[in-house]
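What follows is the residue order along each chain.
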Amino acid sequence: MGKPTGFTESGRSAPDRRPAADRKSDYLEFYQPWGEEQAKEQGSRCMDCAVPFCHMGCPLGNVIPEFNHQVYLGDWKGALETLLSTNNFPEFTGRVCPAPCESSCVLSINSDPVTIEYIEKEIVERGYENGWIKPELPAKRTGKKVAVVGSGPSGLAAAQQLNRAGHLVTVIERAGYIGGLLALGIPEFKLEKKVVQRRVDLMAAEGITFLTNTNVGVDFTVEKLLAEFDAICLACGSTEARELDVPGRELDGVHLAMEYLSQQNRVLSGETVSDEDRIEAEGKRVVILGGGDTGADCLGTALRQGAEVVHQLELLAEPPEQRPSNNPWPQWPQVLRSSPAHEEGGIREYSILTKSFSGSNGKLEKLHGVKVEWQPGQDGGRPSMVEIPGSEFEMETELTLLAMGFLHPEPAGMLDQIGVELDGRGNVAIDANRMSSVPGVFVAGDAARGQSLVVWAISEGRETARAMDLFLMGETSLPHSLPEHW
Amino acid sequence: MDPLKELAKKGLYSPEQEHDACGVGVVANIKGQKTHQIIDEGVQVLINLGHRGAAGRDPETGDGAGMLIQMPTKLFGREAAALGLDLPAAGEYGVGMVFMPREVQSECRVLVDKVIEAEGLVVLGWRDVPVDLNKIGVDAREVCPAIAQVFVGMGRGIKDAAHLERKLFIVRKVLEHSAIESGLSDEQANGFYICSMSCNTIVYKGLLMAHQIAEFFLDLQDQDLISAFSLVHSRFSTNTLGSWRLAHPYRYLAHNGEINTLRGNVNWMHAREAQFESALFGDDMSKISPVTNPGDSDTASLDNALELLQMTGRDLDHALLMLIPEAWNQHETMSQEKKDFYEYHSSFMEPWDGPAMIVSSDGKDICALLDRNGLRPFRYLVTNEDKLVMASESGVLEVPPAEVKYKGRLQPGRMFLVSLEEGRIIGDEELKRKLATKNPYGQWLKDNKVTLKDLPKVPEATPIGGAELVQQQQTFGYTIEEIRMLTSVMAENGSEAIGSMGNDAPLAVLSDQNQVLFNYFKQLFAQVTNPPLDAIREELVTSLGTFIGSEQNLFEEIPEHCHQLRLDSPVLSDEELSQIKAIDQGGIRSTTLSALFDREAGEGALKKAIADLRDQATEAIASGTSIIVLSDRGTDNRWAPIPSLLTISAVHHHLIREGTRTKVGLVLETGEPREVHHIALLIGYGAGAVNPYLALATVRDLAERGQINGINPEYAKKNLIKANEKGVLKVMSKMGISTVQSYRGAQIFEAIGLNQDLVDEYFTGTPSRIGGIGLDGIQREASERHELAFGSSHIAAKKDLRMGGAYQWRRGEEHHQWNPESIAKLQYAARHNDWDAYKEFSRISDDETRKLANIRGLLDFKKGLTPVPINEVEPASEIVRRFATGAASLGSISREAHETMAIAMNRMSARSNTGEGGEDHRRYLMDENGDSRSSAIKQIASGRFGVTPNYLINATDLQIKMAQGAKPGEGGQLPGHKVDDYIGWVRKTTPGVELISPPPHHDIYSIEDLAQLIHDLKNINPDARIHVKLVAEVGVGTISAGVAKGHADVVLISGHDGGTGASPESSIKHAGLPWELGVAETQQVLVANGLRSRIVLQTDGQMKTGRDAAIATLLGAEEFGFATSALVVSGCIMLRKCHMNTCSVGIATQDPELRKKFAGKPEHLVSYFTFIAEEMREIMAELGFRTVAEMIGRTDVLDSKSAEDHWKADGLDFARLLHRQESDDPNEPVYCDREQDHGLDKALDHELIAQAQPAINDKRRVEIDLPIHNSNRTVGAMLSGKVAKLYGEDGLPDDTINIKLTGSAGQSLGAFLTRGTSINLLGDANDYMGKGMSGGRIVVRPDPKATFAPEENIIIGNVAMYGATGGDVFISGMAGERFCVRNSGVRTVVEAVGDHGCEYMTGGVAVILGSTGRNFAAGMSGGIAFVYDKDDSFDKSFNDGMADLESVSDPEDISTLKELIENHKKYTGSTPATEILADWDAAVKRFKKIMPRDYRRVLEERKLNGEGTERELEAVGNG
């Protein structure tokens, strides 16, 4: 309930960020800790809406008014219980989620939304500090064995839920780290890897087995997988990146964003990378193609590595700062989003099409682009793009990172060997019970949904775990999670 | 066949819901002298009460009139001789007045003869009663029975007249019970009816209008027909197809009122029958049962009970006081012996509770009595010639003023007896003293009564906590939401939680979520035919106390009766329950029975468990237990609790059937109930007391964990109990019930979603009209809860409670029609005028298959009808005229939101509604751009805020709000902080002062009162349609028929689910029914009664789409209201915080900062309503209708679709809902096509207006002098309307129109009087004088020829100056009850007042120069009263809830007071005023000033802030 008049008394106030200059010199998180009073005050701004749009806006269905109220009352333990009832990993979403809940917060109609995400992070961190978050072992084991392939957020969520239902869970990960994009994709300054490890350790203590460096279809045969487990959850993500098919793509210095980001994370974890393989931005003119979150992650990383200048180029037009009238609350706002990395430096440009790269000695030197104009589509159709004659330009660059999104899971290897059917977009096709065309093989996360947010991944993992439990036992007490099930 | 009988079989009509009200009168010679003149005068009284009766579609067929008189032995002597019969001496024979269906007349006579002989009496012969059939209406003639009198002589063995009388009673009973067996059909048996059979009295009655009675019954014109009294009655019933037998008087009484607790009273009487024993009857006793006949009216049943008590040896007055006791337990001044008398009798007879004005006679005494609330008027006068004239109104018989000895009125709870033998009137004090000292009741109580305080303390059960607590909560279905939103609020505040914005969740039977059994029941509430009560401001009439234990033979006066446990409250703490479980005191012993079932036993387990429980109860009683505790403690992984409501009701009905129910008290120890509705249901189905142990444990646990705002565990438990007690009182008072004892077992509920077999077996007599689940379904839901708590073979028990989502939308929980998707879509569509987006919204909204949120979701349009081209369907611009927005008041919503709706609706020629809060008169002027901000519909609600003549004439529709969907039967409160300067100015009240709207309209306690208010409003604004707003519940169709007969132009049936105002959550959720049922029932009943063509049927309640409106049309509605959706279009996002003033979108708030955030535009509303109309056109085209009119009531194009994917909805049966009632008269369409005849042509105001032309046209002074009679009602209103039309708020200069009237004025004298008019009445006036007056002056004093002292005589009736906003009133004499109720501006002087004086007053000045009744100043939040307290006793009559008593010392006060008294003397020549002024300095010290605390605070604040006069305030408002 918060405080009935809270929102009229206090404005929105987020935790302080460390100064941008400080941040650039290390890879630590950029938020300063929040005092309890400040958290309570922010909790008091919640209006306890009878129709909480935030709760709808959250892909997990986090019961936001309840925990806001509990925080306002100082009932942190109760708030933690509320939060964990829908979200397995609030320590991740509390840091990296773009917070669709806040965009749909009723206060945001004519004021600033409640600081839901920071409150979430506060709750879970206090939970850890106070030792309230402990391994939760199932009351009884069912004797069923399940495998989860892929250890990203959806795989982990599915694993935890399945384990709680009493099944013996093995998580199989081809990389050397558990966490998928959490571990390798998202930069340390957004999500310190000890936060991920803390959760993985807990899950191991709950009885979940983790196999790393195990690539199904290569190191671990599909036959074995299908034979050893009563049910399988494929949570292998949408890892096939969107490519840029232009002349010069092959030049040294043009890299996929994920190559760049994951390497930096490995290095920070203490791995050594040969100079030859090392992608570094220090002293370079860096161009990032793609205006999304991954692009911003590259930007922050490049700045930390000491890039001379960073350009972030986006094909689409610059979004407006305010919601246009045809995109009203509570829809997801198509507005200009700036991540903290943007405060630290870099230049953003919009409506730019990359035509080619050029260089010498196989090394990248220039990007050749053109400005485009977006024209509204006919009868509500898609807008179309027209190159602006005479606007061609060149940009000097030694390092260009392609952050243009992902297409679908990699079809070759495991998927192909298991024989699951794919849908029209190249994702694994599933039925209403989240099962693929192969009986007993279920799918969770981006592998089914296509590239999406961490919060969706967790929701997917929870939902798939429920479906698997139902499949294995004939009934289930695991809750639904995805909104389409309400 | 009678269309109503047919309808009762096929449709939604239920005859038990018929109501009536009436005018009652008595003319008597106190000395017992018999004359025929008494008869003539009785007839005259009836005629002068004519306006209190009603007629149906045949204007010459009345609802019934009748007369009870002494046995006319002179006439019968003569007649018998003519017939050759040999009559014995008077007193030695009896006469039966018999109605017989014509076609079986001879069979009936044979039967009567046979029974008389069989009972040992002698048939002396028959006389056909001479009647003139030409003098009655066509409809009445058609069903007129053969009417004959049978003369019965004493047989051998009859000792005396009293014995004969008892035998005649047996004969009548046997005849009543044997009609069917003798071979008569049901209908014939119903027509075979004995009006009276006695040697002392006789009843002449029938389906007559008042004036027809003497013309029809020729006996009544016969000079040989003489009696010392005539007791007359004229009826106003809700149905039109009246019946001869339903006319009053019955054998002993005539009744104006209604017994609200009838179902319980009848059940309890039935339960007692097995124990009946009387030496006077011996073996004949068994012939008396059943005491009441199934299906009889409330009055008939009461008459039966009174007759029984009398026949078995009690006096008339004693018996009446047992049935209708006054409010005694909180009476400050009542003697102990009287209290003992009442307490003793309450141990074996529950009050027959409800508004009742009873006049009864056994031929020797005439006894009159008014119930505890006194909500029916009863005035009398006694002449110097010992004549008594007593009636619902004063002035019903012309009596020369000089002959009047005194004038009085019957007061609440008081009694009055005319002893014809003693030749005198015996007053209340003497009567009751005699009764109270008849036996040593006090001693009996002392020796026998047991209270909890008398019992030893017993250790209570160990409290539940931790994981076990959660498990128990799961077992009983608790949710996190309930605990947060309801339980902890009760534990913190000791009162119920408040919510807003109605209920948009599914009915229990349509819900996907687990539902507790309580949710299948809806509370019934009073509307129109009886008033709800105010359990807060009028707490003194209520009582929570009950006896539990074993009752004795009803007919004996023995000490053992009160050897029972007396409880102060029906809600027990754990300690108290432990005491009861351990009780062993003389004959009081308790047994605890376990109310659990074996979940593992599968199908049929619940049924078996109940059967076992019933057997155990029977055994316990047989072994001498007097209290059975039914307990659901002890659940484990196998044993699940039986739903507590099922437990109590199943056992209760079993014991009634068995005849042992009154041998035992039933107490529930249950974990299930946790909110008010639950406790109310348990009591309503028979529980004597309830210990909600788990709810108590829950709040204790919360408090211990510091979750209840610092409240400690003990207080939390106490608060929870207190909140439930207060809540139960509130639920009872919605129905007008005052005592828990009467409420117990009264079953004031309707079931929805339970099948008939289940109801018949376990909830016998409860209406349930669309079928639903049975016992298996209940078991399934109970098992689900238990499984959640204890787990199954595979799944472990759940750790946490369910989130719950009944009050607030939550993902995965209860479906809500307003959810993020539907709100966002609707707002987008309306703001962007986007038809596709609207269609998307309506698709979501209509997506019935998945969500089944309401009944219409289960209805479908038939396929395969012949469509018409859409361009032939009437245009949207026509259809939108049928639309209205909801009645949200300015005050509940912001000025911006209110005016936006008005502008939008006016642009479409549709209608917006002021709500209850007046309207800024500047809105009556057009805006520059041609917009009008004047709401077409002006509402008249119980608070009457801002209801001025100017308000009333600036309306196209005047809506009387009888009930509202969110909280039917309740009043409202606008907290002081919401009454800013502007709101206060518009409402004519003081800004900052809390405003209370009483639960009832204080000028509508019955249907004839409603007709009177309709008449008042029509007088002031003859062009406006008069609406009556009702809420759907069983019987609403019947009430609508009464409303139509009361000449309303529109009846609005609101659904339970709508409503935007703040209300207790239990009212939002649990009172009222969906409009689908209400509309269908209303349409069916109106058509069957031939009334549909004269009244428009409107409906509202969560309507959103064209489909909703189309279905409403097909069910019978022709106009539609949209409240919530209109607010959503204006920006509402369903915070449901309207009651907190924190609406973040500037709608339901008065906070200036938040109001700035209002973003609604009239265009948005216009788009939305146009979309609805266009969508409706699409549907009309598809179904083949070109106009809305031809579509109304066409249920034949609707199908109910099967709800295959929903296990619960499977059992629903919509046949009754979809019954198409067709008109049997080609001139009577099934929609409204004509105007009501309001009878305005008879108004005296036509004469006043004619004579006042110089004043009206030129403001020239006029003097008018006219006689007046009680039939001249609403005098001055039409004149005021004319003045207001020309001169607006200001009226005319003072004393421009001067009206002198002589005689007895009818109801509503000076209603809505405007400034500039003075009425000077010589004589007396009836109820509602000066209601709504806004200026002018009324002076009332007795006729100069009168010899009585005015200050000791009643001069004006009840409820004077109700809702008045200005003017001066001087009354030389006494006033009745509720003087100055909700006055906000009148300054008045009167010489004495009755109970509840200055109730809810918010402004003005009242000076009382004499005594006041009880409960003075209850709910008074503003204005000042001065009471001349001669003997310093006023504090006992004063309700200090909101005001303080002070001496008069402030010079300003002294000068105001003196000036008013001087004026009083000047205008009336009053003796008290003269005396007081003569001794002013001493007298002023004896005055008490009554000062509302809130009012003083605001005045002081204002002084401090240097704020000035009201004038300046207005300027603030104008800014």
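Residues numbered from 1 in each chain as written. Chains lettered and ligands numbered in written order. Predicted model: local features only at pLDDT ≥ 70, side-chain atom pairs only at ≥ 80, totals over all residues. Heavy atoms only, no water.

Chemist: What exactly am I supposed to notice about the overall build of chain A here?
Modeler: The secondary structure content of chain A amounts to 19 helices and 16 strands. Whereas a compact globule of 486 residues would reach a radius of gyration of roughly 23 Å, chain A reaches 23 Å, a difference of no more than 12%. Reported as C-alpha extents along the three principal axes, the dimensions of chain A are approximately 70 × 65 × 50 Å. The burial tally for chain A puts 56% of its 486 residues in the buried class. (Helix = DSSP H or I, 4+ residues; strand = E, 2+ residues; numbered from the N terminus. Rg over C-alpha atoms; globule rule 2.2 N^0.38 Å. Buried < 20%, exposed > 50% of the residue type's maximum accessible area, 1.4 Å probe, protein only.)

Chemist: What's the story with the interface of chain A and chain B in this structure? I'm lost.
Modeler: Interface size is commonly expressed as the accessible area that is lost once the parts come together. Across the contact, 43 residues belong to chain A and 34 residues belong to chain B. Summing both sides of the interface, chain A and chain B together bury roughly 3,300 Å²; the carbon and sulfur share of this comes to 62%. For the pair chain A and chain B, the number of links is five salt bridges. With its nearest N and O atoms 2.9 Å apart, the salt bridge here joins Arg810 of chain B to Glu66 of chain A. (Contact = heavy atoms within 4.5 Å. Buried area = accessible area lost by both parts, 1.4 Å probe. Salt bridge = Lys/Arg side-chain N within 4 Å of Asp/Glu carboxyl O.)

Chemist: Is there a simple way to think about the side chain of Gln212 of chain B in this case?
Modeler: Residues and elements named next belong to chain B. Mapped onto the elements, Gln212 comes out in the loop between β7 (201-206) and α8 (213-216). Exposure remark for Gln212: the relative accessible area of 0% places this residue in the buried category. Setting aside chain neighbours within four positions, we find Gln212 in contact with Glu60, Lys135, Ile136 and Gly137.

Chemist: Is there a simple way to think about the sheet that holds strand β32 (residues 883-885) of chain B in this case?
Modeler: Strand-to-strand pairing in sheets goes through backbone hydrogen bonds, with the strands running parallel or antiparallel. All names here are of chain B. Here seven strands make up an open sheet; going across it, the order is β32-β41-β40-β38-β37-β34-β33 and the pairing parallel. Bordering the open sheet on either side are β32 and β33 (937-940), each of which pairs with just one other strand. Averaged over all pairs of adjacent strands, the angle between strand axes in this sheet comes to 25 degrees, irrespective of strand direction. Here helix α35 (residues 1036-1045) sits on the sheet and contacts β37 (1025-1031) and β38 (1050-1054); the angle it forms with β37, its principal contact strand, is near 160 degrees. (Pairing = 2+ DSSP bridges. Axes fitted to C-alpha atoms, helices over the stretch in contact; angles between N-to-C directions.)

Chemist: What's the story with the pairing of strand β8 (residues 229-237) of chain B in this structure? I'm lost.
Modeler: Both faces of the sheet carry side chains from a regular strand, because those side chains alternate between them. Residue and element names in this part refer to chain B. Judged by how many residues are buried, β8 sits mostly within the fold: nine of nine residues are covered. Of the two faces of β8, the one holding Phe229, Leu231, His233, Arg235 and Ser237 and the one holding Ser230, Val232, Ser234 and Phe236 are both buried throughout. With five bridges joining them, strand β2 (residues 65-70) and β8 adopt antiparallel strand pairing. In the strand pairing of β8, Gly66 is matched with His233.

Chemist: Can you walk me through a negative patch on the surface in this structure?
Modeler: Residue and element names in this part refer to chain B. On the surface, Glu103, Glu107, Asp186 and Glu187 cluster together into a patch of negative charge. Mapped onto the fold, Glu107 is located in helix α4 (residues 105-118). Assessed through its relative accessible area of 42%, Glu107 is described here as partly exposed. (Patch = residues over 30% accessible without salt bridge, like charges linked within 9 Å, V, L, I, M, F, W, Y side chains within 5 Å. Areas by Shrake-Rupley, 256 points an atom, 1.4 Å probe, with all protein chains shown as cover. Lys, Arg positive; Asp, Glu negative; His and termini not counted. Charge placed at Lys NZ, Arg CZ, Asp CG, Glu CD.)

Chemist: For this particular structure, what's the right way to read the pairing of strand β49 (residues 1402-1408) of chain B?
Modeler: All names here are of chain B. For β49, the buried fraction is high: seven of the seven residues fall into the buried class. Examined bridge by bridge, strand β48 (residues 1384-1390) and β49 share five bridges and lie parallel to one another. Note on β49: the bridge partner recorded for Val1389 is Val1407. Where β49 lies against strand β50 (residues 1422-1428), five bridges are found, and the strand directions are parallel. Counted as the bridge partner of Ala1406 is Ala1425 from β50.

Chemist: It is not clear to me how the pattern of salt bridges should be interpreted in this structure. Could you clarify?
Modeler: If the charged atoms of two oppositely charged side chains come close together, the side chains can form a pair. Taken as a whole, this structure holds 145 salt bridges over all chains when the rule is applied. The residue Arg434 of chain A makes a salt bridge to Glu460 of chain A at a minimum N-O spacing of 2.4 Å. Pair noted here: Arg434 of chain A is in the loop between α17 (414-418) and β16 (441-443) and Glu460 of chain A is in helix α19 (residues 454-473), with a separation of 26 residues, a long-range link. Residue Glu460 of chain A is classed as buried on the basis of its relative accessible area, which comes to 3%. One continuous salt-bridge network, built from bridges that share partners, spans Lys74, Arg78, Glu79, Arg127, Asp219, Asp222 and Asp224 of chain B.

Chemist: Honestly, the side chain of Gln939 of chain B in this entry has me stumped. Any pointers?
Modeler: As for its position among the elements, Gln939 of chain B is in strand β33. In contact with Gln939 of chain B, other than residues within four places in its own chain, are Ala887, Asn913, Thr914, Gly915, Glu916, Val947, Tyr951, Gln959, Lys961 and Lys1029 of chain B.

Chemist: What is the right way to look at helix α16 (residues 466-475) of chain B in this model?
Modeler: Note on helix geometry: an α-helix contains 3.6 residues per turn, so any two residues three or four positions apart are oriented the same way. Considered for burial, the residues of α16 of chain B that qualify are Leu469, Gln472, Gln473, Gln474 and Thr475 of chain B. Looking at the packing, one finds that the buried side of α16 of chain B touches α17 (480-493), β26 (639-641), α22 (693-704) and α26 (775-790) of chain B.

Chemist: Explain the state of the cysteines to me, please; I cannot follow it from the model alone.
Modeler: Defined simply, a disulfide is a covalent bond joining two cysteines at their sulfur atoms. Residue and element names in this part refer to chain B. Enumeration over the complete set of coordinates arrives at zero disulfides over all chains. Take Cys1398: it sits in no disulfide, and the sulfur closest to it among the cysteines is that of Cys1380, at 5.2 Å. Given the relative accessible area of 0%, Cys1398 is considered buried. (Disulfide = S-S within 2.5 Å.)

Chemist: Help me out: how do you make sense of the environment of Lys457 of chain B in this one?
Modeler: Residue and element names in this part refer to chain B. Mapped onto the fold, Lys457 is located in the loop between β17 (450-451) and α16. Overall, the relative accessible area of 76% leaves Lys457 in the exposed class. Along the sequence, Lys457 and Glu165 sit 292 residues apart, while their C-alpha atoms lie 53 Å from each other.

Chemist: What's the story with the packing of helix α11 (residues 298-311) of chain B against helix α12 (residues 316-323) of chain B in this structure? I'm lost.
Modeler: How two helices sit against one another is set out by the angle between their axes and by the gap between those axes. Residue and element names in this part refer to chain B. Axis separation between α11 and α12 bottoms out at 9 Å; the angle between their running directions is 130 degrees. With respect to their mutual orientation, α11 and α12 come out oblique. The chirality of how α11 crosses α12 is right-handed. Contacts between α11 and α12 pair Leu302, Ala305, Leu306, Leu309 and Gln310 from the former with Leu316, Ala319, Leu320, Met322 and Leu323 from the latter. Across the contact of α11 with α12, the residue classes break down as nine nonpolar, one polar and no charged. (Parallel < 35°, antiparallel > 145°, perpendicular 65-115°, else oblique. Left-handed = near helix turned anticlockwise from the far one by under 90°. Nonpolar A, V, L, I, M, F, W, Y, C, P; charged D, E, K, R; others polar.)

Note that every value here comes from positions in space, so none of it alone points to a role or purpose.
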